[in-house]
Amino acid sequence: MKTINRDSLIQTVRNMVIQAATILNPLVIQKLKDAEKQETSSLAKNVLKSICDNAAIAKNDNIPMCQDTGVAVFFLHIGNELFFPYSLYEAIQEGTRQGYLDGYLRKSVVAHPLERINTKDNTPAIIHTELAMGDTLDICFAAKGAGSENMSRLTMLTPADGEKGVKDFVLETIRLAGGKPCPPIIVGIGIGGNFEKCAYLAKTALMRPLDDEAANPIDRRLENELLEAINALGIGPMAFGGKTTCLQVKVNSYPCHIASLPVAVNIQCHAARETHVILKGEDL
Ligand code: SF4
């Protein structure tokens, strides 16, 4: 068996949190710059340029790119050769706590959704775990701001609704969202599974590299067709109009019941704060 030192795990998580808040993924920046070249409206061009300038300032000055530094969400793939002589969940929470405190990031979590008392350190993080083969701990982190998360939706279609029903629901979701998720956005779509599985599919779709394509040919075709359809809505950067409402669509699908067609749409704003680290286990 192998293990991962608790202190170095906490340090890694702390650094991932701070890095995500301050350094925008270069693939997102490239997409924003490409979009700026393609826009014909000067307002849309200016908005995209301002977003890129803001990202550069955040990186150079080590400050958050947005005031909403989000809820911390982790996706762990835990190798079956690893043993943790401590609470893995508690260590992730501690790294989150240190990251939000040391990075002077906004604390946006309330302890009870109705009582609404701030926990003051942005914990608890939301932690998803999956088992994997091997001796590594794969950690994906996302800081999800409320502006885009609040615009996400889920529906249980009937099989008869088919592909048209899926597309109509996605486009309706984006139209209803308008400028609230700070477009240009990235759209994660889950199709299939059941109620909770399709929400997870949509969220994990957002965690895929921005430049990859779905492995399934139907999902891949939907990604391309929906990207085009969303951008044809004309919402544009920060909803000032233009060709760039969406930078990328990601579709994940899963088998489902013969009587079901669940669909979830998870929206990510242009401030796509994500980091990914793989830690290798060491001898116990
Ligand atoms: S939607 Fe994104 S960019 Fe807009 S305020 Fe929220 S975190 Fe910031």
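J.: Would you explain the site of the ligand in this entry?
T.: Every residue close to the ligand is listed here: Cys66, Gln67, Asp68, Gly145, Gly147, Ser148, Pro181, Cys182, Cys269, His270, Ala271 and Arg273. For the shell around the ligand, the residue count by class is 5 nonpolar, 5 polar and 2 charged. Two domains share the shell around the ligand, each providing at least three of its residues, namely domain 1 (2-21 + 65-145 + 273-283) and domain 2 (147-268).

J.: Can you help me understand unusual backbone geometry in this one?
T.: Negative phi values dominate among residues other than glycine, just as trans dominates among peptide bonds. The amide bond that connects Thr123 to the next residue, Pro124, takes the cis arrangement and shows omega of 0°. For Pro124, the position within the fold is in the loop between α4 (88-102) and β3 (126-132). With an omega dihedral of 10°, the bond running from Pro183 to Pro184 counts as a cis peptide bond. For Pro184, the position within the fold is in the loop between α6 (162-177) and β6 (185-193). The phi dihedral of Arg116 is positive, around 60°, even though this residue is not glycine. The residue Arg116 is located in the loop between α4 and β3 in this model. The exposure class of Arg116 is exposed, given its relative accessible area of 55%.

J.: Just to check I follow, could you spell out the packing of aromatic side chains for this structure?
T.: For any pair of aromatic rings, geometry is given as the distance between the ring centres together with the angle between the planes. Here the structure, examined in full by the defined rule, presents 3 aromatic pairs. Consider the rings of Phe74 and Phe141, whose centres lie 4.9 Å apart with planes at 40°: the pair is tilted. Placement of the pair is Phe74 in strand β2 (residues 71-79) and Phe141 in strand β4 (residues 136-144), with a sequence separation of 67 residues. Like Phe141, Phe74 is buried. The interplanar angle of 80° and the centroid separation of 5.7 Å between the aromatic rings of Phe84 and Tyr86 together place this pair among those described as edge-to-face. Exposure remark for Tyr86: the relative accessible area of 16% places this residue in the buried category. Between Lys197 and the ring centre of Tyr254, over which it is positioned, the NZ or CZ distance is 4.3 Å.

J.: Whenever I open this one, the state of the cysteines confuses me. Can you help?
T.: One way to say it: the disulfide is the covalent bond shared by the sulfur atoms of two cysteines. This structure, assessed with the given rule, holds 0 disulfides. As a non-bridged cysteine, Cys52 has Cys269 as the owner of its nearest cysteine sulfur, 14 Å distant. Cys256 takes part in no disulfide bond, and the closest cysteine sulfur to it belongs to Cys198, at a distance of 9.5 Å.

J.: Explanation requested: the layout of surface pockets in the structure shown.
T.: Rolled over the atoms, a probe with the dimensions of a water molecule shows which regions are left empty. The volume enclosed by the largest pocket comes to roughly 470 Å³. Around the largest pocket sit 24 residues that line it, and Val71, Val73, Ile126, Lys144 and Glu149 are the ones nearest its centre. Looking at the lining of the largest pocket, the elements that each hand over two or more residues are β2, β3, α5 (146-149) and α7 (195-206). Split by residue class, the lining of the largest pocket holds 11 nonpolar, 6 polar and 7 charged. Summarising the domain contributions, the lining of the largest pocket has at least three residues from each of domain 1 (2-21 + 65-145 + 273-283) and domain 2 (147-268). Taken as a whole, the second largest pocket holds about 380 Å³ of empty space. Lining the second largest pocket we find 21 residues, and of these Asn25, Pro209, Glu274, Thr275 and His276 sit closest to its centre.

J.: Please explain the pairing of β3 as it appears in this structure.
T.: The side chains of a regular strand alternate between both faces of the sheet. With 7 bridges joining them, β2 and β3 adopt parallel strand pairing. Within β3, the position partnered with Leu76 by the bridge is Thr129.

Cut-offs applied
- Residues numbered from 1 in each chain as written.
- Predicted model: local features only at pLDDT ≥ 70, side-chain atom pairs only at ≥ 80, totals over all residues.
- Heavy atoms only, no water.
- Near = heavy atom within 4 Å.
- Nonpolar A, V, L, I, M, F, W, Y, C, P; charged D, E, K, R; others polar.
- Domains from an automatic or database assignment.
- Helix = DSSP H or I, 4+ residues; strand = E, 2+ residues; numbered from the N terminus.
- Buried < 20%, exposed > 50% of the residue type's maximum accessible area, 1.4 Å probe, protein only.
- Phe/Tyr/Trp six-rings, centres within 6.5 Å; stacked < 30°, edge-to-face > 60°.
- Lys NZ or Arg CZ within 6 Å of the ring centre and 35° of its normal.
- Disulfide = S-S within 2.5 Å.
- 1 Å grid on protein atoms, 1.4 Å probe; cavity = no way out; pocket = protein on both sides within 12 Å on 5 of 7 lines; lining within 4 Å.
- Points joined across faces, edges and corners; volume = space filled by probe spheres on them.
- Pairing = 2+ DSSP bridges.

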